[in-house]
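Breakdown of the fold
Here is how the chains run, residue by residue.
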Amino acid sequence: MFELKNKEGSSFHFTLKAKNGQVILSSEVYNSKSAAENGIASIQKNASDDARYERKTAKNGKFYFNLKASNGQIIGSSQMYSSESGMENGINSVKENAPGADTKEA
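Rules used in this analysis
Residues numbered from 1 in each chain as written. Predicted model: local features only at pLDDT ≥ 70, side-chain atom pairs only at ≥ 80, totals over all residues. Heavy atoms only, no water. Helix = DSSP H or I, 4+ residues; strand = E, 2+ residues; numbered from the N terminus. Contact = heavy atoms within 4.5 Å. Areas by Shrake-Rupley, 256 points an atom, 1.4 Å probe, with all protein chains shown as cover. Lys, Arg positive; Asp, Glu negative; His and termini not counted. Charge placed at Lys NZ, Arg CZ, Asp CG, Glu CD. Expected span 1.5 Å × (residues − 1). Buried < 20%, exposed > 50% of the residue type's maximum accessible area, 1.4 Å probe, protein only. Arc of directions from axis to C-beta. Pairing = 2+ DSSP bridges. Salt bridge = Lys/Arg side-chain N within 4 Å of Asp/Glu carboxyl O.

Now for the overall build of the chain. Broken down by element type, the chain carries 2 helices and 7 strands. Counted from the first residue to the last, the chain has its helices and strands arranged as β-β-β-α-β-β-β-α-β. Taking the principal axes of its C-alpha atoms as reference, the chain extends roughly 35 × 30 × 30 Å. Here the analysis covers contacts within the chain between residues at least 6 apart in sequence; of these, 44% occur between residues at least 24 apart. Within the structure as shown, the chain displays about 5800 Å² of accessible surface, and the carbon and sulfur contribution to it stands at 44%. With 14 positive and 12 negative side-chain charges, the chain shows a spacing of 3 Å between the two charge centroids.

As C-alpha cells, then:
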C-alpha cells in the first residue's frame with residue numbers, strides 16, 4: 001500500500017509499505033498532491049523492470065537501492081540494509097507490492 005502524507009501545508013511525500021506494514025520505499029518531497037500521485041503512478045509503472053533499480057552501497061557499508069523512472073530520475077529510495085541479500089529482498093518486495101497497490105492518505 002502507498003501511504004500519501006501531506007507535509008507542511010502544500011508538500012507531499014509517500015511511502016510504499018509491504019503487507020506487514022514495513023516501509024520498503026520512500027519518495028522525495030513533492031510540491032503538490034498531483035505531483036506525488038504522478039510519482040506513485042511512475043513507481044507502479046517502473047517497479048517490475050529490474051533495469052530501473054540502482055543498487056548502491058553507502059559509505060558505512062550498508063546497502064540500499066533507488067528506483068528510477070525511464071528519464072533516469074529517482075522516484076523512490078529504500079531503507080538501509082545490513083546485507084546485499086536483504087536489499088535484493090527489498091527490491092523483490094517492491095516488484096511484488098507496488099504495481100497493484102492502493103493509495104491511502106494519512
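Taking 1.5 Å of rise per residue, the 14 residues of helix α2 (residues 84-97) would be expected to cover 20 Å, and the 20 Å separating its terminal C-alpha atoms lies within 8% of that figure. Where α2 is concerned, the buried positions are Gly86, Met87, Gly90, Ile91, Ser93, Val94 and Asn97. With its buried residues spanning 160° around the axis, α2 presents them on a single face. For α2, the exposed residues lying more than 90 degrees away from the buried face are Asn89 and Glu96. Where α2 is buried, its residues meet β2 (11-17), β3 (23-26), β4 (53-57) and β5 (63-68).

What follows is about the pairing of β4. In this structure, β4 lies alongside β5, joined through 5 bridges in antiparallel fashion. Following the sheet pairing, arginine 55 is matched in β5 by phenylalanine 65. Here β4 folds back onto β5, and the loop between the two strands holds 5 residues, one of which, glycine 61, carries a positive phi near 90°.

Per the stated rule, a full pass over the model turns up 10 salt bridges. With a closest N to O distance of 3.5 Å, glutamate 3 and lysine 5 form a salt bridge. Take glutamate 3: its relative accessible area is 9%, and that puts it in the buried class. Through salt bridges that share partners, Glu3, Lys5, Lys17 and Lys104 make up one connected network.

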